[in-house]
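The primary structure of each chain is shown beneath.
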Amino acid sequence: AQKVTQAQTEISVVEKEDVTLDCVYETRDTTYYLFWYKQPPSGELVFLIRRNSFDEQNEISGRYSWNFQKSTSSFNFTITASQVVDSAVYFCALSVHLRDDKIIFGKGTRLHILP
Amino acid sequence: DGGITQSPKYLFRKEGQNVTLSCEQNLNHDAMYWYRQDPGQGLRLIYYSQIVNDFQKGDIAEGYSVSREKKESFPLTVTSAQKNPTAFYLCASSDLTGFRQGNEQFFGPGTRLTVL
């Protein structure tokens, strides 16, 4: 069975601090895809990144970075120098190759950036 | 602009009434999905469709129905059989080019349904 766990339900940090959102996944398949989505207060989910299981390189996009470690089944997301606009719910998700195109979402982490 | 539209943003209905939520996309995506979001629950898949005139049940299909008569449209009906319909409903679509290659889903703005 596939599963995504985001153990941090809610996090609050002061603006300009760095923050890491944890994501642990479970799958027995060797080919799979991992995603992060952002849900701002408006409600629409915004796609941030997709990673396939054969690419363990860390990814950096501006203030955002992602650390994928197959050894610990983790795909953590770090925001550097956080800003108030980063306040949102963040979802980690998993889909498995050669199955249907369903994406399995974690329960999300609500991030508060305090001014 | 290409994207997914859902209407209305807020919807109120009396208990026992069926209600249909609209979802339209102009991204030329083959696959479309309906999710339900409750506080603290994340997203749960209701129905999905990979091709016109075909759809499959997701994890929580009971009390819901869908149709896919056109590629661009995937309306969701919340029936009176759904015991707790008050929730935030999100529609999504994805490109199936390179089928099962883990293509990302793109989401609409959502409809917040309140049953009184």
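See the structure printed just above.
Residues numbered from 1 in each chain as written. Chains lettered and ligands numbered in written order. Predicted model: local features only at pLDDT ≥ 70, side-chain atom pairs only at ≥ 80, totals over all residues. Heavy atoms only, no water.

Enquirer: Would you explain the layout of surface pockets in this entry?
Expert: Picture a little ball the size of a water molecule; that probe, rolled over the atoms, points out where space is still empty. Taken as a whole, the largest pocket holds about 630 Å³ of empty space. In terms of lining, the largest pocket is formed by 32 residues, of which the most central are Gln39, Val89 and Arg110 of chain A together with Gln37 and Pro39 of chain B. Mapped by element, the contributors of at least two residues to the lining of the largest pocket are strand S10 (88-96) and strand S12 (109-114) of chain A together with strand S4 (31-38), strand S9 (87-94) and strand S11 (111-115) of chain B. No other element matches S12 of chain A, which puts four residues into the lining of the largest pocket. The residue makeup of the lining of the largest pocket, split by class, is eleven nonpolar, 15 polar and six charged. Quantified by volume, the second largest pocket comes out at close to 440 Å³. Residue lining of the second largest pocket: 20 residues in total, with Ile103, Ile104 and Phe105 of chain A together with Leu43 and Asp59 of chain B positioned closest to the centre. Going through the elements one at a time, strand S1 (3-5) and strand S11 (104-105) of chain A together with strand S5 (42-51) of chain B are the ones with two or more residues in the lining of the second largest pocket. (1 Å grid on protein atoms, 1.4 Å probe; cavity = no way out; pocket = protein on both sides within 12 Å on 5 of 7 lines; lining within 4 Å. Points joined across faces, edges and corners; volume = space filled by probe spheres on them. Helix = DSSP H or I, 4+ residues; strand = E, 2+ residues; numbered from the N terminus. Nonpolar A, V, L, I, M, F, W, Y, C, P; charged D, E, K, R; others polar.)

Enquirer: What exactly am I supposed to notice about the interface of chain A and chain B here?
Expert: By a widespread convention, an interface's size corresponds to the accessible area lost as its parts come together. The partner chain B presents 25 residues to the 22 residues of chain A that form the contact. Taking both partners together, chain A and chain B bury about 2,000 Å²; carbon and sulfur atoms supply 51% of that area. Across the contact surface, chain A and chain B share one salt bridge. The partner of arginine 50 of chain A in a salt bridge is glutamate 104 of chain B, and the shortest N-O contact between them spans 3.7 Å. Linking chain A to chain B there are three residue pairs in polar contact (both at pLDDT 80 or more). (Contact = heavy atoms within 4.5 Å. Buried area = accessible area lost by both parts, 1.4 Å probe. Salt bridge = Lys/Arg side-chain N within 4 Å of Asp/Glu carboxyl O. Polar contact = N/O pair within 3.5 Å; in protein donor to acceptor, adjacent residues only side chain to side chain.)

Enquirer: Quick question: what am I supposed to make of the side chain of arginine 68 of chain B here?
Expert: Residue and element names in this part refer to chain B. Mapped onto the elements of the fold, arginine 68 is located in the loop between strand S7 (64-66) and strand S8 (76-78). Of the side chains bearing the opposite charge, aspartate 30 lies closest to the buried arginine 68, which forms no salt bridge; the N-O distance is 6.3 Å. Polar contacts involving the side chain of arginine 68 include one to the side chain of serine 49, which spans 2.8 Å. (Buried < 20%, exposed > 50% of the residue type's maximum accessible area, 1.4 Å probe, protein only. Lys, Arg positive; Asp, Glu negative; His and termini not counted.)

Enquirer: Looking at this model, I keep getting lost on the state of the cysteines. Mind explaining?
Expert: Covalent bonding between the sulfur atoms of two cysteines is what defines a disulfide. For the coordinates displayed, the defined rule picks out two disulfides over all chains. Disulfide partner of cysteine 23 of chain A: cysteine 92 of chain A, at an S-S distance of 1.9 Å. Between cysteine 23 of chain A and cysteine 92 of chain A, the S-S dihedral sits near -65 degrees, and the bridge is therefore left-handed. Of this pair, cysteine 23 of chain A sits in the loop between strand S3 (19-21) and strand S4 (24-26) while cysteine 92 of chain A sits in strand S10; the two residues are 69 residues apart in sequence, bridging distant segments of the chain. Pair check on accessibility: cysteine 23 of chain A and cysteine 92 of chain A agree, each one buried. Between the sulfur of cysteine 23 of chain B and that of cysteine 91 of chain B lies a disulfide, 1.8 Å long from S to S. An S-S torsion of about -75 degrees defines the bridge between cysteine 23 of chain B and cysteine 91 of chain B as left-handed. (Disulfide = S-S within 2.5 Å.)

Enquirer: What exactly am I supposed to notice about the nonpolar core here?
Expert: If you look at soluble globular proteins, the nonpolar side chains tend to sit buried side by side. Residues and elements named next belong to chain A. The biggest cluster of nonpolar side chains holds 24 residues, and the ones touching the most others in it are Trp36, Phe75, Phe77 and Tyr90. Broken down by element, the residue count for this core peaks at five residues, all from S10. Dropping the residues within four chain positions of it, tyrosine 90 is found in contact with Gln6, Leu21, Trp36, Tyr37, Lys38, Leu48, Tyr64, Phe77, Ile79, Gly108, Thr109 and Leu111. (Core = buried A, V, L, I, M, F, W, Y, C linked by side-chain atoms within 4.5 Å.)

Enquirer: Is there a simple way to think about the environment of tyrosine 33 of chain A in this case?
Expert: Looking at the secondary structure, you find tyrosine 33 of chain A in strand S5 (residues 32-39). The spatial distance from the C-alpha of tyrosine 33 of chain A to the C-alpha of aspartate 55 of chain A is 9.8 Å, given a sequence separation of 22 residues.

Enquirer: How should I be thinking about the sheet that holds S7 of chain B in this particular structure?
Expert: Strand pairing in a sheet is mediated by backbone hydrogen bonds. Such pairs are either parallel or antiparallel. Residues and elements named next belong to chain B. If you trace the four strands from one edge of the open sheet to the other, you get S1-S3-S8-S7, paired in antiparallel fashion. The open sheet has two free edges, formed respectively by strand S1 (4-7) and S7, since each of these has just one partner strand. Averaged over all pairs of adjacent strands, the angle between their axes in this sheet comes to 20 degrees, without regard to strand direction. Pairing geometry for S1 and strand S3 (residues 19-25), over four bridges, is antiparallel. When the sheet's bridge partners are listed, serine 7 is paired in S3 with serine 22. (Pairing = 2+ DSSP bridges. Axes fitted to C-alpha atoms, helices over the stretch in contact; angles between N-to-C directions.)

None of this, on its own, says anything about what the molecule does.
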